[in-house]
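Remarks on the overall topology
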Amino acid sequence: MLINCAAYREGHKLADLTPGEVGAYLDQSDTFVWVALRDADAAELEPWQHLFKLHPLAVEDALKGQQRPKIDEYGNDLFVSMHLVDWGGAEIQRGEVAVFVGAGYVLSLRQHSSQHFLGVRERAEREPELLRQGPSFVLYALMDAVVDRYFPVVDLLEAELEEIEQSIFTNGAARDNIQRLYALKRRLMQLRRAVAPMLEMLSKLHGGRVPPVCSKSEHYFRDVADHLARIHGAIEAVRETIATAIQVNLSMVAIEDSDVTKRLAAWAGIFAMATAFAGIWGMNFEHMPELKWVWGYPAALGLIATVSGLLWYRFRRAGWI
Amino acid sequence: MLINCAAYREGHKLADLTPGEVGAYLDQSDTFVWVALRDADAAELEPWQHLFKLHPLAVEDALKGQQRPKIDEYGNDLFVSMHLVDWGGAEIQRGEVAVFVGAGYVLSLRQHSSQHFLGVRERAEREPELLRQGPSFVLYALMDAVVDRYFPVVDLLEAELEEIEQSIFTNGAARDNIQRLYALKRRLMQLRRAVAPMLEMLSKLHGGRVPPVCSKSEHYFRDVADHLARIHGAIEAVRETIATAIQVNLSMVAIEDSDVTKRLAAWAGIFAMATAFAGIWGMNFEHMPELKWVWGYPAALGLIATVSGLLWYRFRRAGWI
Amino acid sequence: MLINCAAYREGHKLADLTPGEVGAYLDQSDTFVWVALRDADAAELEPWQHLFKLHPLAVEDALKGQQRPKIDEYGNDLFVSMHLVDWGGAEIQRGEVAVFVGAGYVLSLRQHSSQHFLGVRERAEREPELLRQGPSFVLYALMDAVVDRYFPVVDLLEAELEEIEQSIFTNGAARDNIQRLYALKRRLMQLRRAVAPMLEMLSKLHGGRVPPVCSKSEHYFRDVADHLARIHGAIEAVRETIATAIQVNLSMVAIEDSDVTKRLAAWAGIFAMATAFAGIWGMNFEHMPELKWVWGYPAALGLIATVSGLLWYRFRRAGWI
Amino acid sequence: MLINCAAYREGHKLADLTPGEVGAYLDQSDTFVWVALRDADAAELEPWQHLFKLHPLAVEDALKGQQRPKIDEYGNDLFVSMHLVDWGGAEIQRGEVAVFVGAGYVLSLRQHSSQHFLGVRERAEREPELLRQGPSFVLYALMDAVVDRYFPVVDLLEAELEEIEQSIFTNGAARDNIQRLYALKRRLMQLRRAVAPMLEMLSKLHGGRVPPVCSKSEHYFRDVADHLARIHGAIEAVRETIATAIQVNLSMVAIEDSDVTKRLAAWAGIFAMATAFAGIWGMNFEHMPELKWVWGYPAALGLIATVSGLLWYRFRRAGWI
Amino acid sequence: MLINCAAYREGHKLADLTPGEVGAYLDQSDTFVWVALRDADAAELEPWQHLFKLHPLAVEDALKGQQRPKIDEYGNDLFVSMHLVDWGGAEIQRGEVAVFVGAGYVLSLRQHSSQHFLGVRERAEREPELLRQGPSFVLYALMDAVVDRYFPVVDLLEAELEEIEQSIFTNGAARDNIQRLYALKRRLMQLRRAVAPMLEMLSKLHGGRVPPVCSKSEHYFRDVADHLARIHGAIEAVRETIATAIQVNLSMVAIEDSDVTKRLAAWAGIFAMATAFAGIWGMNFEHMPELKWVWGYPAALGLIATVSGLLWYRFRRAGWI
C-alpha cells in the first residue's frame, strides 16, 4: 500500500507525486523522490523495482521478511533492513522496515507493524537545511526513529528487572521470580537480535570507508550508532544481571530450604525426646518404682518440659528456630 | 556415480555430455561444464581430476570426507566442502558436498546423503541471465540449496525448545526436561559444527579480496552469508536459552524439593505433637488424676485436635502446606 | 551557569573574560579560551554554540545527557562525553561532563554532579609549560581529574568485597553475603558502564591516527588510558571474584545444609531406636516374662542407654554429630 | 642419538651420510640434507648447530623442552616446536619434536617420546615429485604425522564422553560420572594445550606472508591447518559438552535427592499417622468407651489401614511413591 | 639507593662510574651506561631524569608505582614497568621494576621488592657478544629474569591445585576444598594481573613495528614472549580447572547429602514401622485376642524383626544403606 510519495529538491518538497510522475524527477540533480510503502507484495513493488533499478536479491529479501538487520551495498545503492519492536503485552512483536536508498530516491517498505513513520517525514520537512543532505538524511531519520522506539522497550525490561530484584531476597518468591526472569530473558534476547546486528551494520556507515551515498550524513549515522551502542550496553547489562539473578535465586532457594531443614530438625528433636521419655514411662514393667510415686507424673511432665525448654533454648541460640 | 554432465554457454545449455566429450568444451570462452557426481571413489574421480587438473590435496579431502566446511584456493581454482544436514528422527545425519570450481568447470560431489540437487540445476537453467555469471553462480546455487536445508532443522530445534519450555515450570517434569535439553544441545552442537565454519568460509567470497572466479557473483554469496548469519544467530540464541533453561530447571528442582521439605516438616510436626501428647497420657503413673475424669478422654482428643488445627493453620498461612 | 571563562596564550592566562569578550580572542594564534559551565540549558548554551560553531548533534547530546562515554570528531573539533561517579552511600550517583574542544577553545559542561573541577584549572595555570600545549592539555587535565575520581570508588568496591570474603566461610552468613554480593555487583556494573566505553574512546587519542587537535598531548592521553586500564583491570577482577564468590556461597549453603541433615539423621536415629524399644515393652501382651523381672526396668533403661551411646559414638566418629 | 641422515636432490635421495660428510652437500643448489635425532643433549647438538648455523635461542629451546608449540623465524630459517601426544593409559603422555628448517637442511629432534617418524621418511622418498619442494615438504610431512596422531586421541576422548553420557541419566551413577567427567576434562585440557597454539602457529605458514622457505608448500600447510582446525573444533565441542554434562549431572543428583525426599516424606507421613492413632488408643484414660467394644480393635486396625491406604493412594498419584 | 652504575662499549665494561662521571659517557657511539637503583624517591631520581632526559610522566609513573605492566614509547626512548611476584607464604607479594631505556643508557628502578638482579648483570658481562646489542639486550635480560621468577610461582599454584584435586572426591572434605580453591583463585588472579598485560606489552617488541632501540634484540624479546605465553597458558588452564573443580565440589556435596538423606530415609522407615507395630499392640482395647496368646509376644517380636529385615535388605539392594 502506498503511503505517500513526494519529490524534494535542496531540502524542500517540490510536489506530492503519483507513481506515474516519479520517473520525471529521477536523474535531476539535487533532487530525490521519497516513497513510503507498507505491507506491499511482489506485484506492488514491481514497478518501483523497474523505476529505481532495485537489485532482485534486495527486493526478494524485502518481500520475504525474516531478515537479520543488515545493510547491503549494490553498486552505489544501498539496501537496509531493520527490525521494529513493539511491546505487545507479554511478548515482543516484531515488524520490519526495508529501505532502498540510491542517489535519487529513497523507498521505505514497512511490513507486519502498526508503527508508522509519518512523524519522520514531517520533522524532516521542517528542517530543509538537513534534508538537503538528500536520501542519506532520510535513511538517517528512519533509522533514528527505529532506534528511538527501542528505548522504551529497554526501559520496560529494566523496570521489570528492578521489580524482580525487589522480591529476589523475599522468602517464598523464588518460583515466581525464576519464571519472571526466564520470561524477561526471552524478551531481552528478542530485542538483542534486533539490536546487535544493527549495531554491526551501522559501523559501515561512519568511520572507515562509507558508501558514497551516505557520506554527507556520516556524523548523523555515528549519532544513531552511539544511541544504539547505549541500548546495546543496557541490554548486555540486563543480560548479565539476569544471569546473576538466576544464580542468586537458586542460592536463596537453597538458603530457605536449609532454614526449613534446621527448623524441622529442631522440632523433630524436641518432640522425639518427649515421645521417647513418654514411651519409657509407658512401658509395662511391673517394677518401675517411680510410677507409684504421688509426684511421679508431675515430675515426669516437669522433666520433659525442662529438657524441651533447654533444647528449644539451644536451638534458638543456634538460630535454628 | 555420474548424475549428470552438461556444457553451458552464456547461461544456456549447449548439450548433455558423456565424460568423453567434456574435453572439447574446456578452454572455450564463456563456456563451462557442470558435472554432478555422488558417492564416487578414487577410481571414478580420477579421469575428472586429470581433465580439470584438480589439486591432489583437494581430491584427497573430497574422497576422505569428514572435512570441516572450508574453502581452499588452489591458484585460480576453488575447492569447497560443505555439510548436508538431515534430521533423521532423533539424531542429525550428516552428509557432505564437495565442489570443485574453475574458470571452465564446476564439479560437485555428494557423499553419504540422500538429499539431491536436481532442483538446483533446473532452477539455474530457467534463469539464463543469472547462469551466465558462470561457474560461480552454480557454486552459489549449490550453497544456497545447502543453506536452505538448514532452516527446517533450526525450526525443528526451536520448536523442540519451545515445547520443553512449556513444561519447564511444571512440577515433576524436571527429569524429562533435563534429558530433552541435553539431547537438544547435542543436536544443536552438530548443526553448529556445520554452520559456524561455513559462515567463516563465506566471508572469503564477498567484501574484501574475492577469488577471481567468484567475483561476478559477489552479491549472491553475500546473500547466502546473510541467510547463514541468520541461522547462526538462531543457533546461538537456542544455545544460550538451553544454558539458561538447564539452570532454571535446576532451580525448579530445588524449589520443588524445598516445597516437599516444608510439607514434610509441617506434617511431621503435627503428628509428632499428637504422638507426644498421646504418649504422655499413655504413661503408666498411678497418680494421673485426669485419667480418671469422665471427660478426660474427649478433652485430650479435643486438645490434640485443637493444637493440630492451630499448627495446620499456621503452616497454611506460611504457605508450607 | 557560567563558572568561569578565561583566555590563555602560550600557557599563561591573559584575562578573565565575560562572554561578550570571548569573540575577540578567537582566531588569534597560540591563544585559546577556556569556558566552564554547569547545569546549563539550551538557552544558556546557545550563544557559545554560535561563537565556537559547535555541531548541533554534539550540543543536543550534551544537553540531553544520558550519553555513553564517547568521543566524536566533527571536522577538526572534538566532542567528548564522560561520566562522573559519586559514591552516594549505597548507590552510585552518576553525573556527566561534556567537553567541546577546538583549535581555539575548550568548553566544559558539567551536568547533575556536585563534583567541581576548580582544582584542574588552578593546577593547569601553575604549569604553563604544559598548558601551552593548548586545548588538548585542558582536555587531558579534565579527563585525568575524572579518572582520578574513579580510583576511590574502585577501592571502596574492593574493600567491600574483601569484607564479604571475611564471612564467606562462616556458617549462617550466607543470606547476608549473597545480598551484599548482589548489591556489590550492581554498583560494579554501574562503574563499569562508565569505564569500559571511556577506555575504548581513549584509544582514539593515542597510538594510531590521532585527531590533530590532540596530537601534542598524545603522551598524556596514553597516560590517562593506562590509569583507566588499571581501573578496568580491577573492575574485571572484582567482577570475576564476585561470580566465584556467589558460587562458593552456594556451595557453603549446601555444605551447611548437609551438616544439618547429618545431625538430624543422627539424632532422629537415636531417638527412633529408643522409642521403638520403649514401644515394644509398652505392648500389652500378657505373656511378656521380662516385664515381671525385678531388674527388668533398669535393664531395659540400660539397654536403651547403651545402644544410644553406641550410636552416638559411631555418629561422632563419622563426623555427623 | 642420530637416527639417520641423508642428502636429497630434486626429490631423490643421493646418499646416506655420516655427520662428517654433511658439509659437502650444503650450499649445493636444489639439494638438502635431512637429519633426524632423538633425545640429544647439548653436546650432540653442538656440531649440527655449527654446521647449519642454528640460532642459540632456538637450540636452547629445543634442548630445554617444555615449550609451547611455536614457530620462530630466525632470518630465513625456521624453528618449529610441536607436542607429541601419547595416550598412556589413564594419563596423556607428552613428548616434543623440534624441527630446524633452512634452505639446505632439515633437522628434527624428538625428545621424551617413543613415537618415531621412520614412516614419514619412507613415504616422502616414495613421492619424489613432492619431496622436490625441498625442506618445507619435509616439515609438512612431519607436521602431518604429528597431527595425524592427535586424531585417535580425540576419538578416544569422544568415545569416553559418549560412554559417560550413557549413564548420565541413570540413578546412582552421579558420583562415578562426575569423577570421570573431571578426569576427561583434565586429559582434554592437556590435548588442547598441544593443539591450540599449534593452530595459531600454522596460520603463519599459509594465507598471508609466508616464510620464504615454506612458500612452495603453502597448500600443504593449509591442509594440515584444516585437519588441526577439525581437531580443535572437536576438542571445543567435547569441552562444551563436558561443561553441560557436569551441570546436568548436578541436576540429576538434585532430582534423585528430591525423589528420595518425597518418598521419605510419604512413608514418614503414613507411619506417623498410624503411630499417632495407636498412641491415642494406647492412652490410659478410664473412660474410653470404644476400648470396651468387641469390634473396637478390628475397627481401629481397619481405620488405620484405610487411612494408610488413602494416603498411599494420594502419594502414588502425586508420583511420590 | 644506587646499586651500581657502569659504562659499556661493544659489550665490554669500561668502568664503574660515580653518578658524576656518567655524563662523559653519554653520546659516545656504541657506548651505554647501565644504572641500577632501588627504592628511590623523587629526589634521588631527579639528577638521572636530567641526565637522561626522562619524560616527566614516565618518572611520575615509576615513582608512584601501582602501575599495570606496560611499555610506553617517548620518542626514541622507552619506559617499561613490570611486576615482581614473590610467594610470601599464603599471599603473593608484589614489587615493581621500572626500566628506562634510551640509545645510550638503561636505568632500572626496583621498588618494594627484596628480589635483586645482580645475577643479570654478571651473566650479561660474561656474554659480551650479546651485550654489544646494547641497552635493548639489558632490557631483555631484565625481562627474562622477571619472567623466570614467575615459573616457580605457577608451579606452586599448579601443585596446590593438584593437592586439592587429590581430595576433591573424598567425602567430608568439601568445606576445606572450597576454601582452598577460593584462596588459590585469589592468588592466581594476582599473578594473572602481572602476566596478562605484560604479554600484551611484549607483543610490541617483536613481530610488527618495533621501537628502534629494541630492533637488534627482537629475537630475544620474542623468546621472552614465548616463555610468558607458556605461563599465561598455564594460568588460564589452572583458572578453568578451578572453575570446574568448584562446580564438581558442589556436585560432591549434593551427592554426599543425597547419600545421607537416603540413609536417613531408610532407617527412619525401619524404626517407624517397628514403632507403629508396637504402638498397635500397646493399645488398650479389651478385645485383642492375640495379646492373650502365649506365643503372642515372641510372634510380635518376630514379625517386627522379619519386616525390619526385609526392609533392610531392600534398602541395601537399592544402595541406600
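Cut-offs used in this document
Residues numbered from 1 in each chain as written. Chains lettered and ligands numbered in written order. Predicted model: local features only at pLDDT ≥ 70, side-chain atom pairs only at ≥ 80, totals over all residues. Heavy atoms only, no water. UniProt positions renumbered as here; feature names shortened; annotations may be inferred. Least-squares fit on C-alpha atoms with pLDDT ≥ 70 in both. Contact = heavy atoms within 4.5 Å. Buried area = accessible area lost by both parts, 1.4 Å probe. Salt bridge = Lys/Arg side-chain N within 4 Å of Asp/Glu carboxyl O. Polar contact = N/O pair within 3.5 Å; in protein donor to acceptor, adjacent residues only side chain to side chain. Helix = DSSP H or I, 4+ residues; strand = E, 2+ residues; numbered from the N terminus. Nonpolar A, V, L, I, M, F, W, Y, C, P; charged D, E, K, R; others polar. Phe/Tyr/Trp six-rings, centres within 6.5 Å; stacked < 30°, edge-to-face > 60°. Buried < 20%, exposed > 50% of the residue type's maximum accessible area, 1.4 Å probe, protein only. Lys NZ or Arg CZ within 6 Å of the ring centre and 35° of its normal. Patch = residues over 30% accessible without salt bridge, like charges linked within 9 Å, V, L, I, M, F, W, Y side chains within 5 Å. Areas by Shrake-Rupley, 256 points an atom, 1.4 Å probe, with all protein chains shown as cover.

The name recorded for chain A in an unreviewed UniProt entry is Magnesium transporter, from Aquabacterium olei. In its Subcellular location (unreviewed entry) section, the UniProt record describing chain A reads: "Cell membrane". The heading Sequence similarities (unreviewed entry) in the UniProt record of chain A holds the text "Belongs to the CorA metal ion transporter (MIT) (TC 1.A.35) family."

A few points about the relation of the copies chain C and chain E
It takes a turn of 72° to lay chain C on chain E, together with a shift of 0.2 Å along the axis; the resulting RMSD is 0.2 Å. Taken together, the rotation and translation relating the two chain copies correspond to the operation of a five-fold axis. In terms of C-alpha distance to the rotation axis, chain C has Gly282 of chain C as its closest residue, with the C-alpha 4.6 Å off the axis. Each copy contacts the other with its own distinct surface, as only 19% of the interface residues of chain C are interface residues in chain E too.

A word on the interface of chain C and chain E
Think of interface size as the accessible area that goes away when the parts come together; that is how it is often given. Chain C puts 53 residues into the contact, and the matching count from chain E is 51 residues. Together chain C and chain E conceal approximately 4,500 Å² of surface at their shared face, both sides included; 61% is due to carbon and sulfur atoms. Linking chain C with chain E are eight salt bridges, by the criterion used here. Between Glu240 of chain C and Arg239 of chain E there is a salt bridge, with the nearest N and O atoms lying 2.5 Å from each other. Linking chain C with chain E are 19 residue pairs in polar contact (both at pLDDT 80 or more). Secondary structure elements with two or more residues in the side of chain C that touches chain E: α6 (150-166) and α8 (218-281) of chain C.

Re the interface of chain A and chain C
Across the boundary between the two partners, chain A contributes 52 residues, which contact 51 residues of chain C. Here chain A is connected to chain C by eight salt bridges. With a shortest N-O distance of 3.2 Å, Glu240 of chain A and Lys185 of chain C are connected by a salt bridge. Seen at the junction of chain A and chain C, the total is 21 residue pairs in polar contact (both at pLDDT 80 or more). Of all the elements in the fold, those that place two or more residues in the side of chain A that touches chain C are α6 (150-166) and α8 (218-281) of chain A. Here the side of chain A that touches chain C is composed, by residue class, of 23 nonpolar, 16 polar and 13 charged.

Here's the deal with the relation of the copies chain A and chain C
For these two chains of identical sequence, chain A goes onto chain C by a turn of 72° and a shift of 0.1 Å along the axis, with RMSD 0.2 Å. An asymmetric contact is evident, with only 19% of the interface residues of chain A recurring at the interface of chain C.

Comments concerning the packing of aromatic side chains
Going through the model one piece at a time under the given rule, you end up with 70 aromatic pairs over all chains. Summarising the aromatic geometry, the rings of Phe137 of chain E and Tyr220 of chain E are spaced 5.9 Å apart at their centres and angled 80° between planes, so their arrangement reads as edge-to-face. One end of the pair, Phe137 of chain E, is in helix α5 (residues 135-148); the other, Tyr220 of chain E, is in helix α8 (residues 218-281), with 83 residues separating them in the sequence. Residue classification places Tyr220 of chain E among the buried positions, given a relative accessible area of 8%. Through a chain of ring-to-ring contacts, the aromatic side chains of Phe277, Trp281 and Tyr297 of chain A together with Phe285 of chain B assemble into a single cluster. In this structure, Arg149 of chain C is placed above the aromatic ring of Phe117 of chain C, and the distance from its NZ or CZ to the ring centre is 4.7 Å.

What about a nonpolar patch on the surface?
A cluster of nonpolar side chains, contributed by Trp267, Trp312 and Tyr313 of chain A, occupies part of the molecular surface with about 320 Å² of accessible area. Secondary-structure assignment places Trp267 of chain A in helix α8.

As for the pattern of salt bridges
Taken as a whole and judged by the stated rule, the model has 105 salt bridges over all chains. Each of the salt bridges in this network shares a partner with another, and the network as a whole consists of Asp61, Lys70 and Asp72 of chain A together with Arg222, Asp223 and Asp226 of chain B.

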